[in-house]
Amino acid sequence: MGGNGVFCLISGAAIFAIGLFILFRNFRSKRHFLFFLECLTLSVWLFFYSAMYFEKDPNRALFFARCGFMGIVFIPIFSYHFYLLFLGIRDRISTVLMYGLGAFFLTISHTQYIYRNLKPYPWGYYPLGGSIYPAFVLFFVLIFLRGLWLLYSALRREKDRSSFTYNQLKYLFLAF
């Protein structure tokens, strides 16, 4: 029952350490800061899901799942914002809209609208989505796909120009 919890805990700690490493390489860089925030949100999700997998009490496990969702909310937002910054694209409208929707989902993260209950499995509990959860999944997927499209488009434009920039884009695209 604890295997998933251990994996999440180790992964969360490693991702957080990578984020700190990048942040301290240049703590004044907006890109480094956004990368750190991305790592932080991933770590929050993984740490709380680890606690959920270890928890025997379903009420506490649901609490940990909902706390983990608070990290999940900002994963696509920080990724997309990082892409915009990396590519030098200014898109204030979509950025404000994303953060606004993220704040909305964060506000309702501890209600039955996001996770209505848990389902027990041999490896631990797992949350069941509430009535607004499908809208969040759509939000998550659309932002993530839009960010990948921006990276892919930039990658195609740079293919014959600068090998350094092309390689940076290629590795970023593959990483995310």
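Use the structure listed above.
Remember, predicted model here, so these are calculated numbers, not experimental data.

Student: Could you give an account of the environment of isoleucine 18, with specific residues and numbers?
Tutor: Tracing the backbone through its elements, the reader meets isoleucine 18 in helix 1 (residues 3-25). Counting along the chain gives 22 residues from isoleucine 18 to leucine 40, while the straight-line C-alpha distance between them is 9.8 Å.

Student: So what's going on with the nonpolar core? Residues and values would help.
Tutor: Counting residues in each nonpolar core, the largest one holds 42 residues, and the members touching the most others are Met52, Phe69, Phe105, Tyr115, Leu118 and Phe136. No other element matches helix 6 (residues 133-158), which puts nine residues into this core. If near-sequence neighbours (up to four positions away) are discounted, methionine 52 is found in contact with Ala61, Phe64, Ala65, Leu118, Tyr125, Tyr126 and Pro127.

Student: Provide a residue-level description of helix 3 (residues 58-72), including the pertinent values.
Tutor: Its 15 residues give helix 3 an end-to-end C-alpha distance of 20 Å, which sits within 8% of 21 Å, the value for a rise of 1.5 Å per residue. Structurally, helix 3 contributes buried residues whose contacts are with helix 2 (30-54), helix 4 (75-87), helix 5 (92-107), strand 1 (115-121), strand 2 (124-129) and helix 6.

Student: How would you sum up the packing of aromatic side chains? Please name residues and give values.
Tutor: A complete count under the given rule lists 26 aromatic pairs for this structure. Ring geometry for phenylalanine 105 against phenylalanine 136: centres 5.2 Å apart, planes inclined by 75 degrees, an arrangement best described as edge-to-face. A residue pair is termed long-range when its members are at least 10 positions apart, and phenylalanine 105 in helix 5 and phenylalanine 136 in helix 6 qualify at 31 residues. With a relative accessible area of 4%, phenylalanine 105 lands in the buried category. The buried category is assigned to phenylalanine 136, whose relative accessible area is 2%. Relative to tyrosine 152, the ring of tryptophan 149 has its centre 5.8 Å away and its plane inclined at 40 degrees; by these criteria the two rings are tilted. Taken together, the residues tryptophan 149 and tyrosine 152, both in helix 6 and three residues apart, mark about one turn of the helix. When its relative accessible area of 48% is taken as the criterion, tryptophan 149 is described as partly exposed. The class of tyrosine 152 is partly exposed, set by a relative accessible area of 33%. Each member of the aromatic cluster is reached from another via a ring pair, and the members are Phe69, Phe104, Phe105, Tyr115, Tyr133, Phe136, Phe139, Phe140 and Phe144. A cation over a ring is seen here: lysine 170 above tyrosine 171, with NZ or CZ 5.3 Å from the ring centre.

Student: Could you give me a rundown of the state of the cysteines, with the residues and numbers involved?
Tutor: Counted under the stated rule, the structure contains zero disulfides. Cysteine 8 carries a free sulfur, and the closest cysteine sulfur to it, the one in cysteine 67, is 15 Å from it. Assessed through its relative accessible area of 8%, cysteine 8 is described here as buried. Cysteine 39 carries a free sulfur, and the closest cysteine sulfur to it, the one in cysteine 8, is 16 Å from it.

Student: I'd like to hear about the pattern of salt bridges, residue by residue, with values.
Tutor: A pair can form between side chains of opposite charge whenever their charged atoms are brought close. Going through the model one piece at a time under the given rule, you end up with one salt bridge. Taking the shortest distance from any N to any O, the salt bridge between arginine 60 and glutamate 55 comes out at 3.1 Å.

Calculation rules
- Every chain is numbered independently, its residues counted from 1 as its sequence is written.
- At least 70 in pLDDT is required for a residue's local features to be given in this predicted model, at least 80 for side-chain atom pairs to be given and counted, and no such filter applies to totals for whole chains, interfaces and linings, which use all residues.
- As a convention, hydrogens and water are excluded, and side-chain values are obtained from all of the structure's heavy atoms.
- Counting from the N terminus, the helices are the DSSP runs of H or I reaching at least four residues and the strands are the DSSP runs of E reaching at least two.
- Only buried residues count toward a nonpolar core, which is a set of Ala, Val, Leu, Ile, Met, Phe, Trp, Tyr and Cys residues joined through side-chain atoms within 4.5 Å.
- For every residue, the accessible area obtained with a 1.4 Å probe (protein chains only) is divided by the maximum for its type, and the residue is called buried under 20%, exposed over 50%, and partly exposed between those limits.
- Contact between two residues is taken to exist if any of their heavy atoms lie within 4.5 Å; hydrogens are not considered.
- What a helix is expected to span follows from its residue count: subtract one and scale by 1.5 Å.
- When two rings of Phe, Tyr or Trp (its six-membered ring) have centres within 6.5 Å they constitute a pair, described as stacked for plane angles under 30 degrees, edge-to-face for angles over 60, and tilted for the intermediate range.
- We call a charge positioned above a ring when the Lys NZ or Arg CZ atom is no farther than 6 Å from the ring centre and deviates by at most 35 degrees from the ring normal.
- To count as a disulfide, a pair of cysteine sulfur atoms needs to be within 2.5 Å.
- By salt bridge we mean one thing: a side-chain nitrogen of Lys or Arg within 4 Å of a carboxyl oxygen of Asp or Glu.

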